[in-house]
Amino acid sequence: MPSKKSRPAIHYRDDILTIEDIPLPALAERVGTPAYIYSRAAMQAAYARYRDAFEGMDALVCYAVKANTNLSVIRTFADMGSGADVVSGGELRRALAAGVPARRIVFSGVAKTREEIDFALNADILQFNVESEPELKAISAAAMAFGRRARIAIRVNPDVDAGTHAKISTGLTENKFGIALNRALGVFREAKTLPGIDIQGVAVHIGSQLTSLAPYGLTFDRIAAFVGQLAAAGIKLSTIDIGGGLGIAYHEDTGPIPTPADLAKLARERLGGLGCRLIVEPGRSLVGAAGLLLTRVIYEKHGGDRRFLILDGAMNDLMRPALYDAYHRIVPVVRTGAPESPADIVGPVCETGDTFARARPMPPLQPGDLVAILDAGAYGAVMASTYNARPLVPEVMVDGGSASIIRERPSHADMMALDSNRAIAFA
Ligand SMILES: *Cc1c(COP(=O)(O)O)cnc(C)c1O
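It should be emphasised that the depicted structure is a prediction, and the values quoted were computed from it without experimental measurement. (Residues numbered from 1 in each chain as written. Predicted model: local features only at pLDDT ≥ 70, side-chain atom pairs only at ≥ 80, totals over all residues. Heavy atoms only, no water.)

Trainee: What exactly am I supposed to notice about the sheet that holds strand β3 (residues 22-23) here?
Mentor: Read from one edge of the open sheet, 3 strands run β1-β2-β3, paired in antiparallel fashion. This sheet does not close on itself; its edge strands, each paired only once, are β1 (10-13) and β3. With 4 bridges joining them, β1 and strand β2 (residues 16-19) adopt antiparallel strand pairing. By the bridge assignment, R13 is partnered in β2 with I16. (Pairing = 2+ DSSP bridges. Helix = DSSP H or I, 4+ residues; strand = E, 2+ residues; numbered from the N terminus.)

Written out as structure tokens, the structure is:
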């Protein structure tokens with residue numbers, strides 16, 4: 001019998017899809033569908049892989065909370081010693097509320113507002129990752145108003161093609177992120193003259209869902225050379241933030257994907273001699289495979305020669321297929337072994353883009369049967385909307401043989417209560 005440790009958190013037990021020790025039909029009965037279901041053990045195991053990979057190096061793992069901002073998810077990592085990478089004032093508040101120490105929080109994001117900067121300065125976070133010269137000046141001015149200096153890194157854009165989807169590629173000069181490497185020295189020099197700025201490091205994040213190590217290698221070499229250039233200009237850094245971006249195996253046929261250990265080894269080789277603390281910001285690779293979207297078939301419909309499986313989950317619940325043409329494995333919760341035939345798997349929302357998969361081999365399914373969309377723990381619930389007046393989907397955390405609702409499904413009355421008719425006074 002396989003040990004409990006080696007068994008994946010999400011697996012078939014007697015042909016019933018089970019998460020840790022709980023069969024999914026039992027969860028569907030209690031919380032309804034659609035629902036996001038997460039495995040805490042899978043999240044903890046993913047974090048442990050990063051912790052172990054960077055052990056012995058001066059490194060801090062900062063969970064990129066935008067992948068899944070649920071407080072229970074952030075707390076799972078905070079309890080293991082994780083820091084956080086946040087990209088908004090809202091995420092910063094969530095990281096703090098979930099127990100991440102301020103001195104382990106990095107504030108990334110393309111354009112921080114004065115309110116966000118003030119809040120972060122007050123909280124005394126580890127570091128602002130600055131993305132432009134105007135932002136640098138705004139942070140300096142805000143820090144001076146507090147009589148303080150802000151610890152910052154400057155996010156550089158290494159002009160490296162991450163080889164990922166265009167909508168999640170961030171490391172090319174044509175993207176809006178960071179400061180082009182060939183201009184960055186000047187910006188560091190300027191930063192050095194600003195009274196509210198304490199230069200701590202350099203930051204980079206080249207994209208998401210990377211499935212090759214090569215773009216990281218290129219990036220690290222460019223960063224190492226740049227750190228040397230800075231040193232020659234009298235600017236000594238104490239941190240290098242290498243961003244996140246490691247991919248997960250969404251597709252059945254995905255080849256081997258670099259592991260945190262591969263990334264750590266490369267970082268040690270290329271950046272280890274620079275005397276800097278490394279910051280790594282994984283998001284997707286900590287939570288993506290730990291969650292699924294549990295749905296039910298509403299109808300099966302035949303149109304022309306096509307078979308449509310219409311689920312109660314839709315693009316507003318899980319946007320990745322519509323937004324990025326993303327592939328997700330979609331499986332029946334009860335495995336029968338009946339022959340499969342191609343089906344278009346869609347939601348009920350009034351958009352052609354509300355399509356999870358086309359011509360996907362699926363067994364016969366009846367209305368009411370459960371279907372799981374796998375690898376939905378990252379960029380799933382956080383991107384959901386209420387389009388078509390659909391309530392946000394609840395989230396459930398499974399922990400061995402127990403489970404908790406970690407976000408409630410709002411009622412229609414709750415949703416309507418946010419609509420108001422309150423006069424705005426101008427006098
Ligand atoms: C989104 C983001 C991450 C996390 O990316 P993943 O692909 O989810 O690992 C890390 N750092 C920054 C700055 C980001 O914007």
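Trainee: Would you mind showing me how to read the side chain of E281 here?
Mentor: Mapped onto the elements of the fold, E281 is located in the loop between β13 (277-280) and α10 (284-287). It turns out E281 is buried and unbridged, and the closest side chain with the opposite charge, R155, is 6.8 Å from it. (Buried < 20%, exposed > 50% of the residue type's maximum accessible area, 1.4 Å probe, protein only. Lys, Arg positive; Asp, Glu negative; His and termini not counted. Salt bridge = Lys/Arg side-chain N within 4 Å of Asp/Glu carboxyl O.)

Trainee: Mind showing me how you'd approach the domain arrangement of the chain here?
Mentor: Interfaces are often sized by the amount of accessible area the parts lose when they come together. Looking at the chain, the domain boundaries give domain 1 (10-38 + 289-417) and domain 2 (108-282). Using only C-alpha atoms to locate each centre, domain 1 and domain 2 end up separated by 36 Å. Contact with domain 1, which involves 10 residues of that partner, is made by 9 residues of domain 2. Between domain 1 and domain 2, a total of about 880 Å² is buried, with carbon and sulfur atoms accounting for 54% of that surface. On inspection of domain 1 and its partner domain 2, the count reaches 0 salt bridges. (Domains from an automatic or database assignment. Contact = heavy atoms within 4.5 Å. Buried area = accessible area lost by both parts, 1.4 Å probe.)

Trainee: Explanation requested: the site of the ligand in the structure shown.
Mentor: Taken together, 14 residues surround the ligand, and among them K66, S208, E281, R284 and Y379 come closest. Take E281: an N or O atom from its side chain is 2.5 Å from a nitrogen atom of the ligand. Residue Y379 places a side-chain N or O atom 2.5 Å away from an oxygen atom belonging to the ligand. Here the ligand loses 94% of its free accessible area of 390 Å² to cover by the protein chains. Judged by its atoms lying within 2 Å of the grid points, the ligand is housed in the second largest pocket. Here the shell around the ligand is composed, by residue class, of 3 nonpolar, 6 polar and 5 charged. (Near = heavy atom within 4 Å. Polar contact = N/O pair within 3.5 Å; in protein donor to acceptor, adjacent residues only side chain to side chain. Areas by Shrake-Rupley, 256 points an atom, 1.4 Å probe, with all protein chains shown as cover. 1 Å grid on protein atoms, 1.4 Å probe; cavity = no way out; pocket = protein on both sides within 12 Å on 5 of 7 lines; lining within 4 Å. Sits in = over half its atoms within 2 Å of the grid points. Nonpolar A, V, L, I, M, F, W, Y, C, P; charged D, E, K, R; others polar.)

Trainee: Explain the packing of aromatic side chains here, please?
Mentor: Summed over the entire model, instances satisfying the criterion amount to 6 aromatic pairs. For the ring pair Y63 and F77, a centre distance of 4.6 Å and an interplane angle of 45 degrees mean the geometry is tilted. One end of the pair, Y63, is in strand β5 (residues 59-64); the other, F77, is in helix α3 (residues 71-78), and 14 residues separate them in sequence. Across the pair, exposure class does not vary: Y63 and F77 are buried alike. Ring geometry for Y216 against F220: centres 6.0 Å apart, planes inclined by 50 degrees, an arrangement best described as tilted. Of this pair, Y216 and F220 both sit in helix α8 (residues 214-232), 4 residues apart, which is roughly one turn of the helix. Grouping residues by exposure puts Y216 and F220 together as buried. (Phe/Tyr/Trp six-rings, centres within 6.5 Å; stacked < 30°, edge-to-face > 60°.)

Trainee: Help me out: how do you make sense of unusual backbone geometry in this one?
Mentor: Only a minority of non-glycine residues have a phi that is not negative, and only a minority of peptide bonds are not trans. Cis geometry is found at the peptide bond from T33 to P34, where omega equals -10 degrees. Unusually for a residue other than glycine, D325 sits at a positive phi of about 55 degrees. For D325, the position within the fold is in the loop between α11 (320-324) and β16 (330-332). On the basis of relative accessibility, which here comes to 67%, the residue D325 falls in the exposed class.

Trainee: So what exactly am I meant to see when it comes to the pattern of salt bridges here?
Mentor: Opposite charge on two side chains makes pairing possible when the charged atoms of those side chains draw close. The final tally for this structure, using the stated rule, is 22 salt bridges. A salt bridge links E135 to K112; the nearest nitrogen and oxygen atoms lie 2.9 Å apart. Placement of E135 in helix α6 (residues 133-145) and of K112 in the loop between β7 (105-107) and α5 (114-123) is noted, with a sequence separation of 23 residues between them. Each member of the pair, E135 together with K112, is buried. For E131, the salt bridge goes to R155, with nearest N and O atoms at 2.9 Å. Of this pair, E131 sits in the loop between β8 (127-130) and α6 while R155 sits in strand β9 (residues 150-157), placing them 24 residues apart in sequence. For the pair E131 and R155, a shared accessibility class is recorded, and that class is buried. Each member of the salt-bridge network shares a partner with another, and the members are R103, D124, R148 and R151.

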